[in-house]
Every structure is written in C-alpha cells, then in structure tokens.
Amino acid sequence: MRLGVKILLPLLLTLAVLVVMSVLIAVMAHQQASALQASSQQLVDEITLATRIEHLQGETHINVLSYLLDSKDSRLSVIRDADRGIAKAADAYSSLVPDSRMHELLRQFLENRERIIRSRSELIAAVSAGAPTKTKIALDNWNIYGGRIDANLRDLSAYSIVRLESRLNATADDQLSLWRISLIAVILATLIIVVSFVILRRDVVMRLNQLTAVFERVGSGDNGITVDRKLERTEDEIGAMAR
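Residues numbered from 1 in each chain as written. Predicted model: local features only at pLDDT ≥ 70, side-chain atom pairs only at ≥ 80, totals over all residues. Heavy atoms only, no water.

**Considering the environment of I192**
Inclusion rule: A run of DSSP states H or I qualifies as a helix once it reaches four residues; a run of E qualifies as a strand once it reaches two. Both are numbered from the N-terminal end. Categorising residues by exposure relies on relative accessible area from a 1.4 Å probe, with only protein chains included: less than 20% of the type maximum marks a residue as buried, more than 50% marks it as exposed, and the intermediate range marks it as partly exposed.
The residue I192 is located in helix α4 (residues 132–219) in this model. The exposure class assigned to I192 is buried, which follows from its relative accessible area of 16%. Put simply, I192 and T14 are 178 residues apart on the chain and 6.3 Å apart in space, counted from C-alpha to C-alpha.

Shown next as structure tokens:
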C-alpha cells in the first residue's frame, strides 16, 4: 500500500464517521423540532378548547341564576347557544386528544353535563310553574351536578399539565440522546486518530528511523551494512528506498 494512502486512509475514515454522525444528528434534530412544534400547536389547541368549554359552562351557570331572578326568555336562548358551543368544543377536544385517560375524563364531564341539563330543565319548569318545593329540589340537584362539572374541568386541566410535563420530559430525553450521539462521534473519531497514530508510528516512523540509521552509516563510510529484509519487503516508498 502506498505511503500516502496509509496516511490518508485513517483521516478519511475519521471524516466519514464525523459526516455520518453529523447527518444523523441533523435528522434527529429536525424530527425533534417538528415533533415539538406539532405538540406545542396541539397543546395550544387543547388549552383554547378547554378554556372555551369552561367559559361557556360559566356562562350557562350565570344565565340560569339570572333566569331565577328575572325569568327572561332571552336567558334561555343564551343557555341553549352555550350548550351547543360546549357540545361542539367537546367533540373537537375528543378528536384532538388521542389519550385514553383524557377521553375518560371527558366522558365523565359529558355525563355530568347531561345530568345538569336535565336538572336545569326541571329547575326552569319548576320556576315557570311557581312551585317552590320543586324549585328547591331541582336547584339542589343542579348545584350538585354543577360542582361535579367544576371538578371534571379541574381534572381535565390538571391532566393537561401532566401531559405537558410528559412532553417536556420526552423533549429533554431527546436532547440527551443527541448529546450522547455527539459524544459517541467524538469518541469514535478520537479512537480512530489514536489508533491510526499508533499504527503509523509503528509502521512508518519506526521504519523511517531504521532507514535513516542505515543512511547515516553509509554516509560515515560503513559499507558492510545489510538492510532488514522486512524493511525491503514493504510495498511502499520506504521499502523502495530500502531496496
């Protein structure tokens, strides 16, 4: 093998390792950035829908209490609009979040929504009929289910925070993986350089030292010198000079 090839080969191998690792790191970084962007957008959408559900639920609560005071039919129209908005937001929320635990919490919320709608209808009917006893019973039931819905919304918010923390931890793990790959690339390149140095020192430098010693003895007039056969048999420039 030519001497230049022996010197260039480890350098080319080191360069190839660094290039492959750099491409791998770039691909992983791009995938992580895309995943993080998608997760961030999904989280924004989740928060938007959850906030809208909570706002509409509060709006229905206020309008029911207002209807108990003034019995205006316009209150009922606002309540029905809010109900439709909540149902639409809940459907969007369910299709957006694939998490089974989140679906279970949303199912509980919707079940309590159905119960509070029934109790609200009973409350409105009792108020319209002027039945104080039925009004009190219906109001108590409505307050009970309202408390359950508030608890459901708190659970949804809390679990959204848990999912956010999980995403952040996953992102941190991905960043750690990139650091590990970078470290492996540096270690591999260092090992190649060290091993190449050791091999070149033994194969090239030592033979050059032997050849230099022969030349020095020839220069001093020593004609009885024999060159090491191993040195002559090498198929490179040093072997050619030895022969």
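**Describing a nonpolar patch on the surface**
The test is simple: Each patch groups residues whose relative accessible area exceeds 30% and which form no salt bridge, using 9 Å between like charges and 5 Å between nonpolar side chains of Val, Leu, Ile, Met, Phe, Trp and Tyr. Note on areas: Shrake-Rupley with a 1.4 Å probe; residue coverage comes only from the protein chains shown. Salt bridge, as used here: a side-chain nitrogen of Lys or Arg that lies within 4 Å of a carboxyl oxygen of Asp or Glu.
Residues L12, L15, V19, V23 and V27 make up a contiguous nonpolar surface patch of roughly 430 Å² in combined accessible area. Note that V27 resides in helix α1 (residues 3–70). Assessed through its relative accessible area of 39%, V27 is described here as partly exposed.

**Re empty space enclosed by the protein**
Filter applied, for reference: A pocket here means an open set of points on a 1 Å grid, computed over the protein atoms alone, that has protein on both sides within 12 Å along at least five of seven lines. A cavity is instead a set of points where a 1.4 Å probe fits but cannot get out; residues with an atom within 4 Å of a point line either one. Grid points are joined across faces, edges and corners, and a volume is the space filled by probe spheres set on the points. Each residue is assigned to one class: nonpolar for Ala, Val, Leu, Ile, Met, Phe, Trp, Tyr, Cys and Pro, charged for Asp, Glu, Lys and Arg, and polar for all the others, Gly among them.
A full pass over the atoms with the stated rule returns two cavities of 30 Å³ or more. Of the volumes computed, that of the largest cavity is approximately 60 Å³. The wall of the largest cavity is formed by A50, I53, E54, Y93, L153, L156 and S157. Only α1 and α4 provide two or more residues apiece to the lining of the largest cavity. Broken down by class, the residue content of the lining of the largest cavity amounts to five nonpolar, one polar and one charged. By volume, the second largest cavity is sized at about 40 Å³. Listing elements by their share of the lining of the second largest cavity, those giving two or more residues are α1 and α3 (100–129). In terms of residues, the lining of the second largest cavity owes the most to one element, α1, which gives four residues.

Just distances and angles here, no functional claims.
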